[in-house]
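# Descriptive structure summary
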Amino acid sequence: MRKFKTQHLTILALAIALNYVGANIALFLRLPIYLDSIGTILAGALLGPLAGALTATCSSIISGVTTDLFALYYLPDGLLTGLLAGWFLYHHQRTKRELPLVALGVAIPGTIVSSLITYFLFHCITSSGSSLIVQLLSGLGLNQFVSITLVQAGTDYLDRLLAIIVVTQVCVHLKQKIKTL
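The following refers to the structure shown. As the structure is a computational prediction, the values presented were derived from the model and not from experiment.

### Let's talk about the packing of aromatic side chains
Summed over the entire model, instances satisfying the criterion amount to six aromatic pairs. Considering the side-chain rings of Tyr-119 and Phe-145, the 5.2 Å spacing of their centres and the 80° angle between planes classify their relative orientation as edge-to-face. Taken together, the residues span a long stretch of sequence, with Tyr-119 in helix 6 (residues 99–122) and Phe-145 in helix 8 (residues 144–177) at a distance of 26 residues. Here the aromatic cluster, defined as three or more aromatic residues joined through ring pairs, consists of Phe-70, Tyr-73, Tyr-74 and Phe-122.

### Observations concerning the environment of Leu-161
Among the structural elements, Leu-161 can be located in helix 8. On the accessibility criterion, Leu-161 (17% relative accessible area) is buried. In this structure, the C-alpha to C-alpha distance between Leu-161 and Leu-99, residues 62 residues apart in sequence, is 7.2 Å. Other than its neighbours up to four places away in sequence, Leu-161 contacts Leu-99, Pro-100 and Ala-103.

### Digging into the pattern of salt bridges
Where charged atoms of side chains with opposite charge meet at close range, the side chains can pair. A full pass over the atoms with the stated rule returns four salt bridges. Between Arg-160 and Asp-77 there is a salt bridge, and its shortest N-O distance comes to 3.2 Å. Pair noted here: Arg-160 is in helix 8 and Asp-77 is in helix 5 (residues 75–89), with a separation of 83 residues, a long-range link. Each member of the pair Arg-160 and Asp-77 is classed as buried. Glu-98 is the partner of Arg-94 in a salt bridge, and the nearest nitrogen-oxygen pair spans 3.7 Å. Each of the salt bridges in this network shares a partner with another, and the network as a whole consists of Asp-77, Asp-156, Asp-159 and Arg-160.

### So, the nonpolar core
Within the largest apolar cluster, 23 residues are counted, with the highest numbers of intra-cluster contacts made by Ile-41, Leu-89 and Ile-164. The leading source of residues in this core is helix 2 (residues 38–47), at six residues. Residues within four places of Ile-164 in sequence aside, it is in contact with Ile-41, Leu-89, Leu-99, Val-102, Ala-103 and Val-106.

### Looking at the side chain of Gln-152
Mapped onto the secondary structure, Gln-152 falls in helix 8. Beyond its immediate stretch of four places on either side in the chain, Gln-152 contacts Tyr-34, Thr-111, Ser-114, Ser-115, Thr-118 and Tyr-157.

So, how was this worked out
Residues numbered from 1 in each chain as written. Predicted model: local features only at pLDDT ≥ 70, side-chain atom pairs only at ≥ 80, totals over all residues. Heavy atoms only, no water. Phe/Tyr/Trp six-rings, centres within 6.5 Å; stacked < 30°, edge-to-face > 60°. Helix = DSSP H or I, 4+ residues; strand = E, 2+ residues; numbered from the N terminus. Buried < 20%, exposed > 50% of the residue type's maximum accessible area, 1.4 Å probe, protein only. Contact = heavy atoms within 4.5 Å. Salt bridge = Lys/Arg side-chain N within 4 Å of Asp/Glu carboxyl O. Core = buried A, V, L, I, M, F, W, Y, C linked by side-chain atoms within 4.5 Å.

What is shown is where atoms sit, not what they do.
Rendered as C-alpha cells:
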C-alpha cells in the first residue's frame, strides 16, 4: 500500500478548497456552469482516480453542510468526475487536441447521473444558474427531461472542458517544478 505523503495531503486540501471556492462563486453569481470540479480534476490528474473521488466527496459534504444543500445530492456526479478525470489524465500527457474529447469522456457519465437527479429529486429546480435555462426551454414547450438533459450536457461539458484546460496547464507547470509527484 502506498503511503500518503504530506505533499499529497496538501494537494487534496488545496483541491477541496478550489472546489469550494469555485462552487460558491458560481452559486452566488448564478453562473450557468458550476466551477466545482477544478479541484476534483486536479487531484485526479496529479494523484489518481481515487484521490479525485475523495476530493469530490469531501467537497460535496463541506459545500452541502455550509452553503448549498444541493451539493450533497450531486455527490455521485462528483465521484464519477473524479474517477474519470484520474483515469484519463493520471500519468497521461494529453495534447491540446485531445482535451475536448477527454472533457466529453469525463462529462457524459456525470451528465446522465446529474440529469436524473435533477429530474427525479428536484423536479427541474436547483440552486444552479442553469435551472433558469431549463425553465426557459420548458416554458417554450420542450419536455422537462429533455430540457434538463440538453442544458446539463452543455453546461457539464463546458465546465469540465474549462477545468481540464486549467488543470492540464497547472500540471505542466507543477511537474516541471516538482519531480516527485
